[in-house]
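Structural features, examined
Below, each chain spelled out in residue letters.
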Amino acid sequence: MVNPAWKFTAAEIAEKPELFTSGHRACAGCGPAIALRLVMKATRGPTIATNATGCMEVVSTIYPYTAWKVPWIHTAFENAAANASGIEAALNAMRRKGKLQTHVDVIAFAGDGGTFDIGLQALSGAAERGHDFLYVLYDNEAYMNTGIQRSGGTPYGASTTTSPAGDLIPGKTQFKKPIADIMVAHDIPYVATASIAYWQDLLIKARKGLEAEGPAFLHVFAPCPRGWRYDTSKTVELARLAVETCTFPLWEAVDSEYILSPQSKIIALKPETKKPVREYLKMQRRFSHLFKPRYGHMIDDVQRSIDKRWNKLLKKCNILPRE
Amino acid sequence: MEITQEQKAFALNGDEAIALAIKQSDVDVVAAYPITPQTIIVEKFSEYVADGEVDTEFVCTESEHSALTACLAASATGVRTFTASASAGLALMHEILYVTAGCRAPVVMAVTNRALSAPINIHCDHSDSMVERDSSWIQIYVENSQEAYDSIIQAFRVAEHPDVLLPVMVCLDAFFLSHTLENVQVLPDETVQKFVGERSIPLVTGHEGKNVPFKLDPANPLTIGPLDLYDYYFEHKRQQEEAMQMAASTIVQVHDEYGQLSGRRYGNGLVDAYRLEDADIATVCVGSTAGTTKSVVDTLRAKGVKAGLLRLRTFRPLPIAEIRNSLETVEAVAVMDRSNSFGGNGGPIYHEIRHALFDAQARPHVVNYIYGLGGRDMPQSIIRNIYTDLQEIRETGQVNSYVQFAGVRE
Ligand SMILES: Cc1ncc(C[n+]2csc(CCOP(=O)(O)OP(=O)(O)O)c2C)c(N)n1
Ligand code: SF4
Ligand SMILES: [Mg+2]
């Protein structure tokens, strides 16, 4: 639900100053850059941001330039959540000693590599300790900054530079780690998935994450034309198709209770509108080998895994009966 | 300034002395992860937190990597921070040690020097901190728990000095100091608080051309830790080297000011020379071995042998001039290293002492003894043998072996 006080209409959002400004050096059609810009539009007051190493850190801060209009710090790849822990601890200490009167929000940004893989320990620790911060995972499904290597967030079948589609092995043979569910299992106050294709939903969820008291986790689906091999004009279209095929369903878990978001709920209520994953895969050259006859069965594998995870989600959301 | 009369003596081990110094130093954020033999520091401090004796934010992280990261980020937010570690924990921090210094975050850390694995060993040697000597952290090695207490308090002043802005490691020997009770003279809380003062934040030119405080401040946004390529990175590293040079004079000045307050001094803060003025032969070491060595020196002196000792208190920045001035008139010098540079022909202190003496007027013979790895005891008998070797070198002018292992089964 849009709270009118949040001023999240298109006109109001256009008026709001950019805190992640243009002029950064992301590629044309960069999904993660859209994600960051939108999240920063959802801020509610004084904010400190931190970023894991990765594309967004690199493109936004080449010294002496910066795209950031909020205080921002990068320290390393695997520790965005630990940065946030330290900043939050400092703010608490200042408040306790009467040196800080206002509330300051803390946002940590990290890619899929910095979250599913190398940063998971720091994230889990920070979530367990209950620091008050919003963690934004911008998921472009590979290590893009270092040249499109596979991560725990890379989907099954995708060809990357460390899971190349070869004559013997057809791209990545493992499925994507259900990272948002792992965060729900931490019993933190707010977890949500969002997509750059549904900007208002993303803004609302970012704001809810900021307002939650304690750790909040926002998993943003953010296509990368460079790594996924598609035309730069198709970023938003692809992101939408990921939701329409239930490859990346949109939901929230408030105090660990799952709720389907409107865009996915429509599909749940009208299952015939759910698009086949083939449509989504065929737009991206990272999956092109799957369309050769010898790997055709893999598209069925992908579809089966999507259906399985989707049904599981519908049960968690009480749309299908739980076993 | 008058020496504070109302100091109280407490029986404390090195770890407890450090926890107490932290309690008195108005530290805002402590983030740490336990590892033997540093644990007592963290446990003791946790008790202060649990009993409401401090208003510090204590973050008990899930790893040392996150502990130092949290201190760095908190420090960048403008507050005073402390952590403690050793051995494997310090090694896990390795990446963030460089980042902390590069972000110019004045974090203070206690390192209870412990051997590195494998084989796993919890006892004292200096391998863990010596390997970090190039990380742009100031390194102070203490001789006893009293000095550990005093040095922690001084460390905040040094680290946070606007000309320095570098992190500081205060290194103490595992178990010999960390776990051994000693009478420690403790200053009153207010005296320490007044001495450390509020952390001052220097102004820097921000991206919008304004002078802004060097911290993460929503009123004055700064980008800290950006991508920095070949067009600026080199200058930033050069600035770190300049800060290290400034650190030397700052250590001396802060040490002197503290000396006036407490009545306690450790040489000039950089080096602590013992009976060196007219010495013919001398040893060089860091840490608690200096205490044992002093007593050997006294025995030798009583017998008419002109023996001396140079203890390096500060290893980074390396006090080149002090080393040269103290040792260039000595004829034979033995450097005692409690760590080894495998394949490097001797230990790190040996390399640096030889380096410092290369341009000396009269260059002494300099030999090296690797000792005490994994907590092996360094008794007076071994130190006496080292001085005997030095006498022989002095008399014959011959060095048979430059690098030896002392106290090892061959
Ligand atoms: C400890 C460490 N290991 C490896 C790297 C190299 N590295 C930098 S960014 C990166 C990948 C980032 O991937 P992701 O988090 O998905 O962000 P993206 O670049 O895709 O935005 C890697 C492997 C590093 N900086 N630090
Ligand atoms: S490689 Fe991908 S994620 Fe990185 S800047 Fe380019 S489009 Fe964005
Ligand atoms: Mg990525």
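Since we're looking at a predicted model, the values are computed, not measured.

Section: the overall build of chain B
A count of helical and extended segments in chain B gives 12 helices and 18 strands. Against the compact-globule benchmark of 22 Å for 410 residues, chain B has a radius of gyration of 21 Å, which places it among compact chains. Taken along the three principal axes of its C-alpha coordinates, chain B extends 70 × 50 × 50 Å. Sorting the 410 residues of chain B into buried and exposed places 59% on the buried side. Within chain B, counting contacts between residues at least 6 apart in sequence, those at least 24 apart form 79% of the total. For chain B, the exposed area adds up to about 15700 Å²; of that, 50% sits on carbon and sulfur atoms. Charge centroids of chain B, computed over 32 positive and 54 negative side chains, lie 5 Å from each other.

Describing the coordination of the magnesium ion (ligand 3)
Perfect tetrahedral coordination of a metal by four donors corresponds to 109.5 degrees between them, and perfect octahedral coordination by six donors corresponds to 90 or 180 degrees. All names here are of chain A. Coordination of the magnesium ion (ligand 3) by the protein comes from Asp112 (OD), Asn140 (OD1) and Ala142 (O), over a distance range of 1.9 to 2.1 Å. Linear spacing of the donor residues for the magnesium ion (ligand 3) on their chain is D-x27-N-x1-A. Taking relative accessible area as the criterion, Asn140 reaches 3% and is therefore assigned buried.

Quick look at the side chain of Thr112(B)
All names here are of chain B. In this structure, Thr112 sits in strand S5 (residues 108–113). Look at Thr112 and you get buried, because its relative accessible area is 0%. Other than its neighbours up to four places away in sequence, Thr112 contacts Asp15, Pro37, Gln38, Ile41, Ser85, Ala86, Asp128, Leu172, Ala174 and Ser178.

Comments concerning helix H6 (residues 145–160) of chain B
Working note: α-helix, 3.6 residues per turn, so residues spaced by three or four point in the same direction. Residue and element names in this part refer to chain B. With 16 residues, H6 should reach 22 Å at 1.5 Å per residue; the first-to-last C-alpha distance of 23 Å fits that figure. Where H6 bends most, the angle comes to about 25°, and this point is Gln154. When you tally the buried positions in H6, you get 16 out of 16 residues, the bulk of the element.

Notes on the site of ligand 1
Lining the immediate surroundings of ligand 1 are 18 residues, of which Asp112(A), Gly113(A), Gly114(A), Tyr138(A) and Asn145(A) lie closest. Residues close to ligand 1 are split across chains A and B. Contact between ligand 1 and Asn140(A): an oxygen atom at 3.1 Å from a side-chain N or O atom of the residue. Asn145(A) has a polar backbone atom sitting 2.8 Å from an oxygen atom of ligand 1.

Side note on the packing of aromatic side chains
Per the counting criterion, the structure on display carries 16 aromatic pairs over all chains. Between Tyr156(A) and Phe175(A), the aromatic rings sit 4.3 Å apart at their centres with planes inclined by 5°, giving stacked as the arrangement. Residue Tyr156(A) is found in the loop between strand S4 (134–139) and helix H7 (179–184), and its partner Phe175(A) is found in the loop between S4 and H7; the two are separated by 19 residues along the sequence. Since its relative accessible area comes to 37%, Phe175(A) is described here as partly exposed. Geometry around Tyr274(B) places Lys294(B) over its ring, the cationic atom sitting 5.6 Å from the centre. It is Arg363(B) that lies over the ring of Phe358(B); its NZ or CZ is 4.5 Å from the centre.

Quick notes on the rules
Residues numbered from 1 in each chain as written. Chains lettered and ligands numbered in written order. Predicted model: local features only at pLDDT ≥ 70, side-chain atom pairs only at ≥ 80, totals over all residues. Heavy atoms only, no water. Helix = DSSP H or I, 4+ residues; strand = E, 2+ residues; numbered from the N terminus. Rg over C-alpha atoms; globule rule 2.2 N^0.38 Å. Buried < 20%, exposed > 50% of the residue type's maximum accessible area, 1.4 Å probe, protein only. Contact = heavy atoms within 4.5 Å. Areas by Shrake-Rupley, 256 points an atom, 1.4 Å probe, with all protein chains shown as cover. Lys, Arg positive; Asp, Glu negative; His and termini not counted. Charge placed at Lys NZ, Arg CZ, Asp CG, Glu CD. Donors = N, O, S within 2.8 Å, 3.2 Å for Na, K, Ca; no water. Expected span 1.5 Å × (residues − 1). Bend = angle between axes of the 7 residues up to and from the residue. Near = heavy atom within 4 Å. Polar contact = N/O pair within 3.5 Å; in protein donor to acceptor, adjacent residues only side chain to side chain. Phe/Tyr/Trp six-rings, centres within 6.5 Å; stacked < 30°, edge-to-face > 60°. Lys NZ or Arg CZ within 6 Å of the ring centre and 35° of its normal.

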